[in-house]
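Below are the chains, spelled out letter by letter.
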Amino acid sequence: MDPIFQQLQAVVDRYDELNQMLADPAVMGDSQHYMELSKEAGSIRSTVETFKRYEKVIDGLQEAQTLLGDPEMGDLAKEDLAALKPEKEELEEQLKVLMLPKDPNDDKNIIMEIRGAAGGDESSLFAADLLNMYRRYAESQGWQVQIVDETTTEVGGYKEVVLMIVGDRVFSKLKFESGAHRVQRVPQTETQGRIHTSTTTVGVMPEFEEVDAEGLIDPKDVREDVFRASGAGGQHVNKTSSAIRLTHEPTGITVSMQDERSQQQNRARAWKILNARIYDHFAQQNEAEYAAQRKTAVGSGARSERIRTYNFPQNRVTDHRIGLTINKLDRIINGELEEIIDALVLAEQTAKLAELKQ
């Protein structure tokens with residue numbers, strides 16, 4: 001048997017243990033512990049159910065094999081074998097995927113940063129298009145989106161926009177969006193009808209709660225500056241020092257936050273973004289070292305890596321990492337990202353399976 005299947009009984013045993021613990025009144029009385037155990041049980045439920053079906057199929061195959069020579073049951077046994085053999089192979093592939101090493105951040109919410117890069121106004125306008133695309137996709141998934149910081153441009157685009165997306169397994173689906181997104185289209189200001197090429201970058205970072213972030217940053221390495229907020233309309237401006245700037249001195253990463261009314265709210269939000277950016281900084285360094293030793297189907301996730309081209313005149317989207325081209329740009333820019341995301345997830349799983357076989 002494949003080594004992967006040797007681990008499956010341990011997963012089943014753990015699932016049974018978790019269910020016994022969840023039925024314990026003492027555990028039920030501790031809501032935090034109960035939620036943690038429920039989450040763990042939920043994360044392996046699909047694996048357990050698939051494995052139990054696999055065991056039933058194996059039993060069915062063995063029984064059919066013994067009945068092949070029976071004059072009365074032989075024909076029925078042949079039919080069972082013909083149906084169960086393909087199911088066995090399919091279940092084996094499913095179990096291999098389910099037992100692949102999990103990304104520890106897949107269950108996390110995310111902080112996403114979208115920045116206009118090369119292309120001036122057109123780049124900032126495309127940043128706004130990408131923001132709307134991710135908002136609509138998030139809405140289709142039942143996620144919540146909140147803009148936490150933004151710098152707009154005179155033409156109605158974004159020089160930079162930072163948002164938090166909260167929901168079920170957000171990072172697992174949007175982690176592949178990090179990189180440079182290239183757009184090819186005729187800008188509204190173009191009188192000659194010429195196609196321009198612009199670039200917008202996207203960064204996707206897992207959000208860390210305070211417990212998760214322990215050990216990620218030494219507070220002694222962070223300098224905090226307090227200053228007076230400035231904003232439109234003149235309300236609550238220059239009256240109180242509620243704005244916060246955090247600087248992580250070892251990396252030089254800085255976060256400023258002034259959107260909230262209170263200093264405490266701005267500080268809490270700034271720390272969330274700082275944790276995410278520092279994690280992202282070191283994760284990209286580690287990924288670059290790892291990627292140098294292997295070829296990956298999905299790419300490094302570095303913001304400088306061109307991952308996708310959106311060609312408006314031809315209604316075409318191409319993901320360069322996996323060679324996928326889809327002639328549905330109008331639907332994709334409207335938030336219908338499932339086909340691209342599913343293909344990227346499959347490519348990652350295929351690459352991991354290939355590495356396990358080496």
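Residues numbered from 1 in each chain as written. Predicted model: local features only at pLDDT ≥ 70, side-chain atom pairs only at ≥ 80, totals over all residues. Heavy atoms only, no water.

As recorded in an unreviewed UniProt entry, the protein chain goes by Peptide chain release factor 1 and comes from Eupransor demetentiae. What UniProt records for the protein chain under Sequence similarities (unreviewed entry) is the sentence "Belongs to the prokaryotic/mitochondrial release factor family." Per UniProt, the protein chain carries the Subcellular location (unreviewed entry) text "Cytoplasm". (UniProt positions renumbered as here; feature names shortened; annotations may be inferred.)

A. Spotlight on the overall build of the protein chain. What the protein chain contains, in helices and strands, is eleven helices and eleven strands. Relative to its 358 residues, the protein chain shows a buried fraction of 38%. Summarising the internal contacts of the protein chain: among those between residues at least 6 apart in sequence, 61% fall at separations of at least 24. With an accessible surface of roughly 19900 Å², the protein chain has 47% of that area assigned to carbon and sulfur atoms. (Helix = DSSP H or I, 4+ residues; strand = E, 2+ residues; numbered from the N terminus. Buried < 20%, exposed > 50% of the residue type's maximum accessible area, 1.4 Å probe, protein only. Contact = heavy atoms within 4.5 Å. Areas by Shrake-Rupley, 256 points an atom, 1.4 Å probe, with all protein chains shown as cover.)

B. Fine view of the confidence of the model for the protein chain. For the protein chain, the average pLDDT comes to 84, and 85% of its residues sit at 70 or higher. Every residue in residues 232-238 scores below 50 in pLDDT, and together they form six contacts with partners more than four places removed in sequence or on other chains. (pLDDT = per-residue confidence, 0-100.)

C. Region of the structure containing helix H6 (residues 121-141). Between its first and last C-alpha, H6 extends 31 Å over 21 residues, near the 30 Å set by a 1.5 Å rise per residue. Within the sequence span of H6, burial applies to Glu-122, Ser-123, Ser-124, Phe-126, Ala-127, Ala-128, Leu-130, Leu-131, Met-133, Tyr-134, Tyr-137 and Ala-138. Looking one or two residues beyond H6, the residue adopting positive phi is Gly-142, at roughly 80°. (Expected span 1.5 Å × (residues − 1).)

D. Looking closely at a negative patch on the surface. Together, Glu-55, Asp-59, Glu-63, Asp-75, Glu-79 and Asp-80 line one region of the surface with negative charge. Residue assignment for the negative patch shows that the elements contributing at least two residues are helix H4 (31-66) and helix H5 (74-98). (Patch = residues over 30% accessible without salt bridge, like charges linked within 9 Å, V, L, I, M, F, W, Y side chains within 5 Å. Salt bridge = Lys/Arg side-chain N within 4 Å of Asp/Glu carboxyl O. Lys, Arg positive; Asp, Glu negative; His and termini not counted. Charge placed at Lys NZ, Arg CZ, Asp CG, Glu CD.)

E. Quick peek at the nonpolar core. Membership of the largest hydrophobic core comes to 34 residues, with the highest contact counts inside it found for Met-112, Ile-114, Tyr-134 and Leu-174. Of all the secondary-structure elements, those providing two or more residues to this core are strand E1 (110-116), H6, strand E3 (158-166), helix H7 (170-174), strand E5 (196-206), helix H10 (329-332) and helix H11 (338-357). Once you skip the residues sitting within four places of it in the chain, Met-112 turns out to touch Tyr-134, Val-161, Val-162, Leu-163, Leu-174, Val-202, Gly-203 and Val-204. Counting 22 residues, the second-largest nonpolar core is a separate cluster that includes Tyr-15, Leu-18, Ile-44 and Tyr-54. (Core = buried A, V, L, I, M, F, W, Y, C linked by side-chain atoms within 4.5 Å.)

F. The arrangement of the packing of aromatic side chains in detail. Counted according to the given criterion, the structure contains three aromatic pairs. Seen from their ring centres, Phe-51 and Tyr-54 are 6.4 Å apart, and the 20° between their planes marks the pair as stacked. Taken together, the positions of Phe-51 and Tyr-54, both in helix H4 and three residues apart, correspond to about one turn of that helix. According to the relative accessible area criterion, Tyr-54 is buried, its value standing at 6%. The interplanar angle of 85° and the centroid separation of 5.6 Å between the aromatic rings of Tyr-137 and Trp-143 together place this pair among those described as edge-to-face. Taking the relative accessible area as the measure of exposure, Tyr-137 reaches 2% and is therefore buried. In this structure Trp-143 comes out as buried when scored by relative accessible area, which is 8%. Between the NZ or CZ atom of Arg-185 and the centre of the ring of Phe-312, over which it lies, the distance is 4.9 Å. (Phe/Tyr/Trp six-rings, centres within 6.5 Å; stacked < 30°, edge-to-face > 60°. Lys NZ or Arg CZ within 6 Å of the ring centre and 35° of its normal.)

G. Broad picture of the pairing of strand E7 (residues 243-248). Counting buried residues in E7 gives five out of six residues, a clear majority hidden from the surface. Pairing of strand E6 (residues 222-227) with E7 involves six bridges; the strand directions are antiparallel. Of the residues in E7, the one forming a bridge with Glu-224 is Leu-246. Relative to strand E8 (residues 253-257), E7 runs antiparallel, the two being bridged by five bridges. Paired with His-248 across the strands is Ile-253, a residue of E8. Between E7 and E8, which pair antiparallel one after the other, the connecting turn spans four residues, and Gly-252 there sits at a positive phi close to 80°. (Pairing = 2+ DSSP bridges.)

H. The arrangement of unusual backbone geometry in detail. Positive phi, normally seen in glycine, also occurs at Arg-169, with a value near 55°. Residue classification places Arg-169 among the partly exposed residues on the basis of a relative accessible area of 35%. Positive phi values are uncommon outside glycine, yet Asn-315 reaches one of about 50°. Mapped onto the secondary structure, Asn-315 falls in the loop between strand E9 (306-311) and strand E10 (316-319). Judged by its relative accessible area of 26%, Asn-315 falls in the partly exposed class.

I. How the structure looks around the environment of Ile-340. Assignment of secondary structure puts Ile-340 in helix H11. On the basis of relative accessibility, which here comes to 2%, the residue Ile-340 falls in the buried class. On a C-alpha basis, the gap between Ile-340 and Ile-326 in space is 8.5 Å, while along the polypeptide they are 14 residues apart. When sequence neighbours within four positions are dropped, the list of residues in contact with Ile-340 reads Arg-308, Val-317, Asp-319, Leu-324, Ile-326 and Ile-332.

J. Region of the structure containing the pattern of salt bridges. Taken as a whole and assessed by the stated rule, the structure comprises 24 salt bridges. With a shortest N-O distance of 2.8 Å, Arg-53 and Glu-87 are connected by a salt bridge. With a gap of 34 residues between them, Arg-53 in helix H4 and Glu-87 in helix H5 connect regions that are remote in the sequence. Look at Glu-87 and you get partly exposed, because its relative accessible area is 25%. With its nearest N and O atoms 3.0 Å apart, the salt bridge here joins Arg-331 to Glu-336. The partly exposed category is assigned to Arg-331, whose relative accessible area is 43%. Residue class for Glu-336 comes out partly exposed when judged on its relative accessible area of 36%. A single network of salt bridges, built from pairs that share partners, joins Asp-103, Asp-106, Lys-175 and Glu-348.

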